[in-house]
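# Geometric and topological summary
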Amino acid sequence: MTRKVTKAIFPVAGLGTRFLPATKSIPKEIMTLVDRPLIQYAIDEAREAGITEFIFVTSRGKGALEDYFDHAHELESSLKKSGKTELLDILRGTNMDSGAIAYVRQHKALGLGHAVWCARRLLGDEPVAVILTDDVIMGEPPCLQQMVEAYKETGGTMVATMEVPIEKTKAYGVLDIAEDMGAIVRAKGMVEKPKENPPSNLAVIGRYILAPTVMDNLNKLKQGAGGEIQLTDAIADEIDEGRGVYGLRFRGQRFDCGSKAGFLQATVAFGLARDELKDEFAEYLHDIMSMRKAAE
Ligand code: UTP
């Protein structure tokens, strides 16, 4: 029997330099896809997977992110008074229970592994999910829920994976596959951003369920690829110590909203997925594509 996954860590302490100058004053996680900040997509996905405790690893300049989770009482009563029930429901849907969120500080951006390690005192002897808000995934059921279901079968540590062209593997953590069971693979190794000879084209993206022993591995805090403390290394240590690490080929489309091109692609996809926008938006996209073609 695996233990239920009820806690999730959201590492949001990165500098977000690829979105300067916007990230001079706005945390990257507050940037909006259509009308919802990236963090809201991550929170909704976590809730649907059964997460009830949300741990944010933050840093300087992320105040707007903490404020986002305050209940907006004045706004709620004004919407109530004016009978705008639909907007009121949207607003209330973002409310979090008191005490459900905890914030810990990462004082220096020393890497994803270090950010996760900063949450260690808020965890017991239980598995914990990690969600990177940059990776927005359109999937039904949502990606983390698919992982929680698969984890019930496998236990151990689980990462979300997807096939990428082999030349793109150098941008990802990459799995070395011991056993391919279809949707689930068992890993015999994991390499962060391999410069050459990637062990496969199965890339790890920003969703994890970590066994408690991964925190023990992070206690050793070695610097890995790029001088950062890598979560990948702490997961690879699990394999070296004979514990199971699995990848799930999730069903869904992942957008890298940490990059400008990925963010724009996500904006188009999420815009087209909205009933109230899709016709007008599709027509506009069609028109600009036709104009481009005509100009060529
Ligand atoms: P990125 O590698 O995208 O870095 O981090 P970044 O600083 O956010 O963005 P750029 O590259 O400067 O534009 C991936 C995730 O890990 C978190 C980030 O907040 C992001 O969600 N992270 C990274 C931390 O919380 N702390 C770190 O030290 C590094």
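Up top is the structure.
This text gives an overview of the structure that appears in the document.

About the cut-offs
Residues numbered from 1 in each chain as written. Predicted model: local features only at pLDDT ≥ 70, side-chain atom pairs only at ≥ 80, totals over all residues. Heavy atoms only, no water. Axes fitted to C-alpha atoms, helices over the stretch in contact; angles between N-to-C directions. Helix = DSSP H or I, 4+ residues; strand = E, 2+ residues; numbered from the N terminus. Parallel < 35°, antiparallel > 145°, perpendicular 65-115°, else oblique. Left-handed = near helix turned anticlockwise from the far one by under 90°. Contact = heavy atoms within 4.5 Å. Core = buried A, V, L, I, M, F, W, Y, C linked by side-chain atoms within 4.5 Å. Buried < 20%, exposed > 50% of the residue type's maximum accessible area, 1.4 Å probe, protein only. Near = heavy atom within 4 Å. Polar contact = N/O pair within 3.5 Å; in protein donor to acceptor, adjacent residues only side chain to side chain. Areas by Shrake-Rupley, 256 points an atom, 1.4 Å probe, with all protein chains shown as cover. Nonpolar A, V, L, I, M, F, W, Y, C, P; charged D, E, K, R; others polar.

## Overview of the packing of helix α3 (residues 73-81) against helix α4 (residues 85-92)
- At a closest axis distance of 8 Å, the pairing of α3 and α4 adopts a crossing angle of 155 degrees. Regarding the angle of α3 to α4, the classification is roughly antiparallel. At the point where α3 passes α4, the crossing takes the left-handed sense. For the pair α3 and α4, the contacting residues are Leu75, Glu76, Leu79 and Lys80 in the first and Leu87, Leu88, Leu91 and Arg92 in the second.

## A look at the nonpolar core
- Among the nonpolar cores identified, the biggest contains 39 residues, and Phe10, Phe54, Phe56 and Leu144 are the most heavily contacted of them.
- Those elements giving two or more residues to this core turn out to be β1 (7-11), α1 (38-48), β4 (53-58), β6 (128-131), α6 (143-154), β8 (157-163), β11 (202-210) and β12 (245-249).
- By residue number, the principal contributor to this core is α6, which donates six residues.
- With near-sequence residues (within four places) excluded, Phe56 lies in contact with Phe10, Val12, Ile39, Ile43, Phe69, Ile101, Ala102, Tyr103 and Val104.
- Listed in part, the 31 residues of the second largest apolar core include Val185, Leu202, Met215 and Val245.

## Some words on the site of the ligand
- In the vicinity of the ligand lie 17 residues, with Leu15, Thr17, Arg18, Lys28 and Gln106 positioned nearest.
- Gly14 places a polar main-chain atom, nitrogen or oxygen, 2.9 Å from an oxygen atom of the ligand.
- For the ligand, whose free accessible area comes to 570 Å², the fraction covered by protein is 82%.
- The residue inventory of the shell around the ligand, partitioned by class, reads eight nonpolar, five polar and four charged.

## As for the packing of helix α9 (residues 260-272) against helix α10 (residues 278-295)
- Orientation of α9 relative to α10, taken along the N-to-C sense of each, is 135 degrees, at an axis distance of 8 Å. Comparing the axis directions of α9 and α10 gives the class oblique. Here α9 contributes Thr267, Val268, Gly271 and Leu272 to the contact with α10, which in turn contributes Lys278, Phe281, Ala282 and Leu285.
- Among the residues forming the contact of α9 with α10, the class breakdown is five nonpolar, two polar and one charged.

Spatial relationships are all this shows, so hold off on functional conclusions.
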